[in-house]
Amino acid sequence: MRIFKLKSLTVSITAALGFVLSGCGADNSSTESFTEKPVSQIQTDSKTVTSSTKDELQKIKEVANKGPFKPNWDSFSQYEIPAWYQDAKFGIFIHWGVYSVPAHNGEWYPRWMYDPEYWDYYEHHTKTYGPVTEFGYKDFIPMFKAENFNADEWLNIIEDSGARYIVPVAEHHDGFSMYDNSYSRWDATEMGPKRDIIAELKAATEKKPDIHFGLSSHRAENWWFFDRGREIPSDVQDEAYRDLYGPAVSRETSEAGETPPSKEFMDDWLLRTVEIVDKYQPELIWFDWWMASEPFHEHVQLFTSYYYNKGINWPNMPAINYKEHEDMRSYPDGSAVLDIERGQLSDTRKYFWQTDTSVSKTSWGYVTNHKYRTANSLVDDLIDIVSKNGSLLLNIGPKPDGTIPQAEINLLKQIGDWLKVNGEAIYETRPWVTFGEGVTEVVDGKHSNDAEKHRKDFTSKDIRFTKKDDTLYAIMMAWPGDGEKVHIRSIDSKNYPHKIKQVSLVGSDEALKFEQSDKGLVVTLGNKRPTDFAQVLKITPQ
């Protein structure tokens, strides 16, 4: 593996990038303290690499065309979102990487540290670490040690949260892979932790039969992610680090169609993405938004067909998450799972979907100045999302030493405590004829951070519904009060023609009085709520 990796550097430097961008005489003095061998000292055989790359791409095309799925959008219409995913409802996203070392303002630090005009990133970096010509993003890598990382401990925490799937980041925009990447030396097995983090998390997940394993790829954005480093003197302009920093083409011109990603770059994207499928067999692949841009479509269709054709032979059929952003569109409805970042939907969606958000209001990766969400708000959002045929993927950001911040452990435990009592109204449920009733407006948005910024707390007048077989759950988003009467208007003779046998409060043995009429259901609550946060009424027909 090591020999292949060294040879494959040529792909990353030349073929995979599509062209070579000239440097501008950046100061290389920082390389003296960087112990990894620079590209300039590695001899490669470009002919062998090119031939090997072509062979690998051909094998991908063969699998993509040999099976029930073909590499075109129409073929994916036969895809069915797997039941395991629709049953799971709640997952944990894990943003962990080199960006956790500076721990300043989030996982986009590697981009903005090269921009003197954007917030305080550049000023903070130069004051704390020195000029970006002498201490660039690459120089954080030896500081990313993960010395206290224990995958089994992480999975115990995640299990206690009640989550049924995990999605650690395999590679973020920064180009550093958290797995054994055959196409780059910039990975956690050769630098930093010197461990295959993804393999360890996969092994730990396999010990938890109720938890499914997924991965995320943010590789597409590496095409332009470090473009700010080309506008000022910096190590981004040093060709010795081109295989980390990528082409660093202007994001603005790329999204305008003037400098679209090259075929070679997208071939490299495809090779990397297929490799994580073959090595780790994730049941879910989460993609960030840029792979939805039109130039990527051919490669995305090849990957999807490859992944689905592979997955039909696995114990569980896999799924793909995709985003819609401005004019960027990719998958037809139902052929993959739509993901909405820090936003929700205002009504039930016909096709299963997902919200991804973070325990932190201000960051996805670890920072020292988090502003955390409350467990109550996260539980309420989980309920609202599930009632509308969705799932919640909730992010945490571990520290560079590999430990999860205690505040995040506490939040996850509070959610888990609620699910231990009320999980029957969440797991394996499906949406009812209406998602709910009440007074609190949920802003509709796709990739809409504004939706979360303008989020309002739910009240005791807000109710959400889920169902499982013949059982209907009416979830009160806040406790109306001990002994209060709750009038649920949606459970009328039109929506619920059955005669009700029993109404109970999940987590309590106390019998509840109720009155059923054509105009709805009136339930008299008991004198004590069984859990914190939302309360679940279980309605059983005769």
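Residues numbered from 1 in each chain as written. Predicted model: local features only at pLDDT ≥ 70, side-chain atom pairs only at ≥ 80, totals over all residues. Heavy atoms only, no water.

Q: I keep staring at the overall build of the chain and nothing clicks. Help me out?
A: In terms of regular secondary structure, the chain is built from 14 helices and 16 strands. Residues classed as buried in the chain amount to 61% of the 542 residues present. Expressed as a percentage of contacts within the chain between residues at least 6 apart in sequence, the contacts between residues at least 24 apart total 74%. Only carbon and sulfur atoms are counted for the fraction: they give 46% of the accessible area of the chain, which is about 21,400 Å². (Helix = DSSP H or I, 4+ residues; strand = E, 2+ residues; numbered from the N terminus. Buried < 20%, exposed > 50% of the residue type's maximum accessible area, 1.4 Å probe, protein only. Contact = heavy atoms within 4.5 Å. Areas by Shrake-Rupley, 256 points an atom, 1.4 Å probe, with all protein chains shown as cover.)

Q: Would you take a moment to explain the confidence of the model for the chain for this structure?
A: Close inspection of predicted coordinates is inappropriate for parts of the model with low pLDDT. Overall, the prediction assigns the chain a mean pLDDT of 91, with 90% of residues at 70 or greater. For residues 1-49, every residue scores under 50 in pLDDT, and the model assigns this stretch 101 contacts once sequence neighbours within four places are set aside. (pLDDT = per-residue confidence, 0-100.)

Q: What is the right way to look at unusual backbone geometry in this model?
A: Trans is the common state for peptide bonds, and a negative phi is the common state for residues other than glycine. Its identity is not glycine, yet Ala146 carries a phi of approximately 55 degrees, on the positive side. Structurally, the position occupied by Ala146 is in the loop between helix 5 (121-128) and helix 6 (151-161). Even without a glycine there, the phi angle at Arg342 is positive, about 50 degrees. Relative to the elements of secondary structure, Arg342 occurs in the loop between strand 6 (337-341) and strand 7 (353-358).

Q: Which parts of the structure should I look at to understand the environment of Glu190?
A: Inspection of the secondary structure puts Glu190 in the loop between strand 2 (165-171) and helix 7 (197-205). Classification of Glu190 as buried rests on a relative accessible area of 12%. The spatial distance from the C-alpha of Glu190 to the C-alpha of Asp180 is 8.1 Å, given a sequence separation of ten residues.

Q: I keep staring at the packing of helix 12 (residues 375-387) against helix 13 (residues 406-422) and nothing clicks. Help me out?
A: The N-to-C vectors of helix 12 and helix 13 enclose an angle of 50 degrees; their axes lie 9 Å apart at closest approach. As summarised for this structure, helix 12 and helix 13 are arranged oblique, according to the angle between their axes. Seen from above, helix 12 lies across helix 13 with right-handed handedness. When helix 12 is examined against helix 13, the residues Ala375, Leu378, Val379, Leu382 and Ile383 are found in contact with a partner set consisting of Leu411, Gln414, Ile415, Trp418 and Leu419. (Axes fitted to C-alpha atoms, helices over the stretch in contact; angles between N-to-C directions. Parallel < 35°, antiparallel > 145°, perpendicular 65-115°, else oblique. Left-handed = near helix turned anticlockwise from the far one by under 90°.)

Q: Explain the sheet that holds strand 8 (residues 390-396) to me, please; I cannot follow it from the model alone.
A: Backbone hydrogen bonds are what pair the strands of a sheet, in a parallel or an antiparallel way. Taken together, eight strands build a closed barrel; the order of strands is 1-2-3-4-5-6-7-8 and the barrel is parallel. The mean angle between the axes of side-by-side strands here comes to 25 degrees, regardless of whether they run parallel or antiparallel. The pairing of strand 4 (residues 284-287) with strand 5 (residues 319-322) spans three bridges and is classified as parallel. Bridge pairing in strand 5 places Trp286 opposite Asn321. (Pairing = 2+ DSSP bridges.)

Q: Can you walk me through the sheet that holds strand 9 (residues 436-437) in this structure?
A: Pairing in this open sheet of five strands is antiparallel, and the strands run 9-10-11-16-13 from one edge to the other. Both outer strands of the open sheet, strand 9 and strand 13 (500-505), are each paired with one neighbouring strand and no more. Here helix 12 sits on the sheet in contact with strand 10 (463-468) and strand 11 (471-476), set at roughly 55 degrees to strand 10.

Q: Is there a simple way to explain the nonpolar core in this structure?
A: As a rule of thumb, soluble globular proteins bury nonpolar side chains together. In this structure, Ile92 and Phe303 are the most contacted members of the largest nonpolar core, which totals 140 residues. Filtering out sequence-adjacent residues up to four positions away, Phe303 remains in contact with Trp269, Leu270, Thr273, Val274, Val277, Ile285, Phe287 and Ile320. Ala474, Leu525, Leu537 and Ile539 belong to the second largest nonpolar core, which has 20 residues in total. (Core = buried A, V, L, I, M, F, W, Y, C linked by side-chain atoms within 4.5 Å.)

Q: Looking at this structure, how should I read the environment of Ala188?
A: Here Ala188 shows up in the loop between strand 2 and helix 7. Between the C-alpha atoms of Ala188 and Ile198, which are ten residues apart in sequence, the distance is 9.3 Å. The contacts of Ala188, once residues within four sequence positions are left out, are Phe176, Ser177, Met178, Tyr179, Pro193, Lys194, Arg195 and Ile197.

Q: Looking at this model, I keep getting lost on the pattern of salt bridges. Mind explaining?
A: Oppositely charged side chains are able to pair whenever their charged atoms sit close together. With the rule as written, the count across this model stands at 37 salt bridges. A salt bridge links Glu159 to Lys208; the nearest nitrogen and oxygen atoms lie 3.0 Å apart. You can see Glu159 sitting in helix 6 and its partner Lys208 sitting in the loop between helix 7 and strand 3 (212-217), a full 49 residues away along the chain. On the basis of relative accessible area, Glu159 is assigned to the partly exposed category, the value being 39%. (Salt bridge = Lys/Arg side-chain N within 4 Å of Asp/Glu carboxyl O.)

Q: Honestly, the side chain of His125 in this entry has me stumped. Any pointers?
A: Here His125 lies in helix 5. Judged by its relative accessible area of 0%, His125 is buried. Setting aside residues no more than four positions away along its own chain, His125 makes contact with Tyr109, Met113, Gly130, Val132, Phe135 and Phe140.

Q: What exactly am I supposed to notice about the pairing of strand 5 here?
A: Two faces, one strand: in a regular strand the side chains alternate between the faces of the sheet. Burial along strand 5 is two-sided: Ala319 and Asn321 facing one way and Ile320 and Tyr322 facing the other are all buried. In the classification by handedness, the crossover that spans strand 4, the intervening helix 11 (residues 297-311) and the parallel strand 5 is right-handed. Note that strand 5 and strand 6 share two bridges and pair parallel. What sits directly across from Tyr322, in strand 6, is Leu338. (Right-handed = clockwise from strand over helix to strand, strands pointing away.)

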